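Here's the letter readout for the chains.
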Amino acid sequence: MCRIYKWIVVLLCLSHQLYAQSFKNWALTPPMGWNSWDCYGPTVTEPEVKANADYMAAHLKSYGWQYIIVDIRWYVENDKAGGYNQTDPRYVLDQYGRYLPAVNRFPSAANGKGFKALADSIHAKGLKFGIHIMRGIPREAVAKKMPVKGTSVTADQLYTTAEQCQWLKDNYTVAANRPGAQAYYNSLMELYAAWGVDFIKVDDLSRPYHQEEIELIRKAIDHAGRPIVLSTSPGETPIDKAAHVQTHANMWRMVDDVWDTWPHFTHLIKVAAQWYPYIKPGGWPDCDMIPLGRISIRGERGADRPTRLTKDEQYSLMTFFTIFRSPLMFGGDLPSMDLFTLSLLTNKAVLKMHRESTGTRQLFSRNGQVAVTARNPRTGERYLALFNLSDDAAPATISVNLTELGIKNGAGIKNLWTGQFEGKVRGNFSVSLRPHASGLYIIK
């Protein structure tokens, strides 16, 4: 009997390990896509989503871009730009207290179809479809004591006001230890799987870190039986929870929203310094969305505008996002894309580094100068990113000894963005960079 018990335990452990590996396999390289938040806040419409999907299919899919994400509050009929309507929001829910798309914004959701038709249209273009949700259970479902599908439990038996989201009051926290808590999240993921959702961004999970709800969500996705990439967001995920989040999510935010200002970027680089050891296939520290191109058409932060970052700053942001191997979620309006921004998203050499590199590490961060390196295990080539984060007016010379990259006998160096050969170097490699500028190099 003891031997049988031991074998059962072994098999259960192996089963768990295999499933953990399988959900990691859903994102072996960092996900790349478009998210509606930077452009449209909580007001995006179906025609706008489709227009961005059309552009991605025509111009970006061949470079590896594939996800189209509908961000926050797609279930509110009367939301507003520049914030949230929390005075008199009109929510759309089904009979089980689950949010449904607002039909006045997503006409194909009529007659209870949800996002199925929109997802189908995006899949037909060879792309993948994702949505944003807030953690927890709708306050309206609690007030109306709506049933949890497949149980005798009602929503008012599941909620707690503890740690309710402070900036958006749509939902209450789910009390993870109560009967029906797992069934509620299971019902959500079953619904999203039926719609054809490939990616889900779950908000307000990281500050404070909601470990129990993250575990409910992980189990619910596994239960649904569809590969759904899980992104936890937003806020600075605590580094002491790194092992936990890496075993439950495919990507997790390191910082709050990154907007088109230089201090947002320098803060990101500072916080990211502790996350290099956790850059691994299937689970990615997330730098947040890319606030480039035309943003805030009806956004939460500022007026309709082209990004406020200079070209040097845009190169720096894209250089860091790609060498760090962050998921790439573009926030600008794709149909309004200018040629310069397009060039930042379609550089084959840079995207090859983003897709194939490994061993990413920070060499140094001192006096406003940062150096990051990685290597390509297939070719043996080294990558080197240099940043002048200083606000000083004068350019700065940044030097790296190639022996720090494991190169003892000299090497040829090429600029990865331009393709220009920089020459053969032995010993120190030095470049002069303007304030806020960067350089990205491949070393052979």
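Being a predicted model, the structure only gives us computed values, none of them experimental.

Within the protein one finds twelve helices and 21 strands. The C-alpha atoms of the protein give a radius of gyration of 23 Å, which matches the 22 Å a tight globule of 444 residues would have. Over its C-alpha atoms, taken along the principal directions, the protein stretches across nearly 70 × 65 × 40 Å. Put simply, the protein has 444 residues, and 57% of those count as buried. Considering only residue pairs separated by 6 or more positions, the protein has 72% of its internal contacts joining residues 24 or more positions apart. Treating the 51 positive side-chain charges of the protein as one cloud and the 41 negative ones as another, the clouds have centres 7 Å apart.

Take the UniProt feature "domain: Alpha galactosidase C-terminal" (unreviewed entry) in the protein next. According to UniProt, the feature "domain: Alpha galactosidase C-terminal" (unreviewed entry) maps to residues 368–442 in the numbering used here. Taken end to end, residues 368–442 has its terminal C-alpha atoms 23 Å apart, with 0% of it in helix and 55% in strand.

Take the pairing of strand β16 (residues 382–388) next. The buried fraction of β16 is high, at six of seven residues. Linking strand β15 (residues 369–375) back to β16 in an antiparallel pair, the connection comprises six residues, with G380 at a positive phi of about 80 degrees. The sheet contact formed by β16 and strand β21 (residues 438–443) spans six bridges and is antiparallel. Its bridge partner being in β21, F387 is matched across the sheet by S438.

Taking strand neighbours across the sheet as the criterion, the six strands line up as β14-β15-β16-β21-β18-β19 in an open arrangement whose pairing is antiparallel. Each edge of the sheet is formed by a strand with only one pairing partner; in this case those strands are β14 (358–366) and β19 (421–425). Adjacent strand axes in the sheet meet at a mean angle of 20 degrees when their direction is disregarded. Here β15 runs beside β16; their pairing, made up of seven bridges, is antiparallel. By the bridge assignment for β16, R375 is matched with R382.

A separate point is the pattern of salt bridges. Overall, the coordinates contain 26 salt bridges when judged by the stated rule. In this structure, the salt-bridge partner of D79 is R73, at a minimum N-O distance of 2.8 Å. Classification of D79 as buried rests on a relative accessible area of 16%. For R73, a relative accessible area of 0% translates into the label buried. Among the salt bridges present, the one from D94 reaches R98, with a minimum N-O distance of 2.9 Å. In this pair, the class of D94 matches that of R98, namely buried. Taken together, the salt bridges that share partners define one network made up of K352, R355, E356 and R378.

Tracing the sequence through the fold places P30 in the loop between α1 (2–24) and β1 (32–35). The spatial distance from the C-alpha of P30 to the C-alpha of W262 is 24 Å, given a sequence separation of 232 residues. In this structure, P30 is in contact with W284, R325, S326, P327 and H354, ignoring residues within four places of it in sequence.

Turning to helix α6 (residues 181–195), a few remarks are in order. Taking 1.5 Å per residue, 15 residues should reach 21 Å; α6 reaches 22 Å between its end C-alpha atoms and fits that length. In terms of burial, α6 is a largely internal element, eleven of the 15 residues being buried. Those residues of α6 that sit buried are A181, Y184, Y185, N186, S187, L188, M189, L191, Y192, A193 and W195. Contacts from the buried residues of α6 go to α4 (116–123), β3 (128–134), β4 (137–138), β6 (171–174), β7 (199–203) and α7 (211–224). Just beyond α6, the residue with positive phi is G196, at close to 95 degrees.

One open sheet holds the eight strands; their spatial order is β10-β9-β8-β7-β3-β2-β1-β13, and the pairing between them is parallel. Pairing within the sheet leaves two strands with one partner each, and these edge strands are β10 (284–286) and β13 (328–330). Averaged over all pairs of adjacent strands, the angle between strand axes in this sheet comes to 25 degrees, irrespective of strand direction. In terms of strand pairing, β1 meets β13 through three bridges, oriented parallel. Within β13, the residue paired with W34 across the bridge is F330. Against the sheet, α6 engages β3 and β7, with an angle of about 155 degrees to β3.

Cut-offs and rules
- Along each chain, residue indices are assigned from 1 in the same order as the chain's sequence is written.
- A pLDDT threshold of at least 70 governs which residues receive local features in this predicted model, and a stricter bar of 80 or more applies before side-chain atom pairs are shown or counted, although totals over entire chains, interfaces and linings include all residues.
- Note that water and hydrogens are dropped before the side-chain values are worked out from all heavy atoms of the structure.
- Going along the chain from the N terminus, every DSSP run of H or I of four or more residues is numbered as a helix, and every run of E of two or more is numbered as a strand.
- The atom set for the radius of gyration is the C-alpha atoms, and the globule formula is 2.2 Å times the number of residues raised to the power 0.38.
- Each residue's exposure class comes from its accessible area (1.4 Å probe, protein chains only) as a fraction of the maximum for that residue type: buried when under 20%, exposed when over 50%, partly exposed otherwise.
- In what follows, a contact means two residues having at least one pair of non-hydrogen atoms within 4.5 Å.
- By the counting scheme adopted, Arg and Lys are positive, Glu and Asp are negative, and His together with the chain ends is not counted.
- To locate a charge, take atom NZ for lysine, CZ for arginine, CG for aspartate or CD for glutamate.
- UniProt positions are given in the numbering used here, feature names are shortened, and annotations may be inferred rather than shown by experiment.
- Two strands qualify as a pair provided DSSP detects at least 2 bridges between them.
- Orientation is described by axes fitted as lines to C-alpha atoms, over the contacting stretch for helices, and by angles from 0 to 180 degrees between their N-to-C directions.
- By definition, a salt bridge exists where a carboxyl oxygen of Asp or Glu is found within 4 Å of a side-chain nitrogen of Lys or Arg.
- Here, expected helix span is obtained from the residue count minus one, scaled by 1.5 Å.

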